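Summary of the model geometry
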Amino acid sequence: MPGSDGCVAVAHPNIALVKYWGKRDEDLVLPCADSLSMTLDVFPTTTEIRLVDCQAQDVVIVDGAVDRGATARRITGFLDLVRERAGRSEAAVVATRNTVPVGAGLASSASGFAALALAAASAYGLPVEPVELSRLARRGSGSAARSIFGGFAIWHAGAPDAPDPDLASYAEPLAKTTLDLALVAALLETGPKPVSSREAMRRTVKTSPLFSDWLGMARGDCTVMREALARGDIATVGAIAERNALGMHQTMESAVPPVHYRTPASHRVLEEVHRMRAHGLQAWATMDAGPNVKVLCASDDAERVACVLRQLSGCVAVVARSGPGATLDKTVR
Ligand code: DP6
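Description of the structure in this document. (Residues numbered from 1 in each chain as written. Predicted model: local features only at pLDDT ≥ 70, side-chain atom pairs only at ≥ 80, totals over all residues. Heavy atoms only, no water.)

**Considering the side chain of Asp166**
Quick note on the threshold: Put simply, DSSP marks the helices as runs of H or I at least four residues long and the strands as runs of E at least two long, and each gets a number from the N terminus on. Whether a residue is buried, partly exposed or exposed follows from its accessible area with a 1.4 Å probe, protein chains only, as a fraction of its type maximum: under 20%, in between, or over 50%, in that order. N or O atoms within 3.5 Å of each other form a polar contact, as long as, within protein, one can give a hydrogen and the other can take it, and as long as residues adjacent in sequence are counted only when both atoms are side-chain atoms. Here, residues are in contact when the closest pair of their heavy atoms is within 4.5 Å.
Structurally, Asp166 can be placed in helix α5 (residues 165-168). Judged by relative accessible area, which is 14%, Asp166 ranks as buried. A polar contact of 2.5 Å, which involves the side chain of Asp166, links it to the side chain of Arg138. Contacts of Asp166, omitting those with residues within four sequence positions, involve Arg85, Arg135, Arg138 and Arg139.

Have a look at this one:
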């Protein structure tokens, strides 16, 4: 690639224990409520950016192939924001590699925009201080704000009447907990989802009669979840995470038209998780905008949980633990 030095960033997906579901400002990507997550140690995204003086337009390469569709437009839109902030105008070549299937509700946009934010900020000379970076990543995809940090992170919605709402909405790491949590991803389908999470979220906010109840629950859940994490109370963490995820799915399923990400295979995993609990194995389910189920449990129980899930037909189980925040990998010269 001709042009300047490249910047390479790596970021991991995060799974929310208290979900972000609903924006109060679509342009600034401001959420209606705080959310809280664990960054994983699997499925990283690696993104390289090179600035190219001699080229009019950005080139976006996703998993080795040039993209000219919606992904490229979203990345270019994000780079426009970075260029505006940096007072720069060079186009870029962006090469991004995912190790997680894109669009299947496995948080690829979180790792994707966290890596892009870090790589782009360093390439165009913006600050790479993590809290500031979380604000920038948020503009690409809300959940990406949390993937800037390793371990557990909270994303603050910010007060709606804050003098600068963009400044007020950022992520930060939570204090260390004694809890050694694992998350077993039960991969059922990895194709792109029928409705994007962005559209599903918008539809839910506009039309779901359950949305305001959901918001009230999510706000309370965040407070209880923080306290439970601080005292290492896995039973409360698991119970709140499961209830919160199922509540989120109920709101979107009551939207008009409804959004159904849960499939018969998802329900089979959810039932299996309930069965494990009935047999004394502490395990709780969470789900995002897709059919795959993630099972929370103590790190020591993760292999047992994975073994049970692998017995379900068509289910690939991947054990994940707490992972690192976004890092600048190296400067390619
Ligand atoms: C279900 O961050 O993908 O994973 O801000 O529109 O890009 P946009 O949405 P996105 O939403 C993720 C929602 C979720 C829950 C969560 O991660 O908190």
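**Some words on the site of the ligand**
Selection criterion: Here a residue is near a molecule or strand as soon as one of its heavy atoms is found within 4 Å of it. To be clear on the numbers: accessible area is Shrake-Rupley with a 1.4 Å probe, and residue cover counts the displayed protein chains and nothing else. Each residue is assigned to one class: nonpolar for Ala, Val, Leu, Ile, Met, Phe, Trp, Tyr, Cys and Pro, charged for Asp, Glu, Lys and Arg, and polar for all the others, Gly among them. Residue ranges assigned to each domain were obtained from an automatic or database domain assignment.
Contacts to the ligand come from 18 residues, most closely from Tyr20, Lys23, Ser141, Ser143 and Arg146. One nitrogen or oxygen atom from the side chain of Arg146 is found 2.7 Å from an oxygen atom belonging to the ligand. The contact in question runs from an oxygen atom of the ligand to an N or O atom on the side chain of Ser197, over 3.3 Å. Protein coverage of the free-state accessible area of the ligand, which is 460 Å², stands at 94%. When the residues that make up the shell around the ligand are grouped by side-chain class, the tally is seven nonpolar, five polar and six charged. Among the domains, domain 1 (7-174) and domain 2 (181-321) are the pair contributing at least three residues each to the shell around the ligand.

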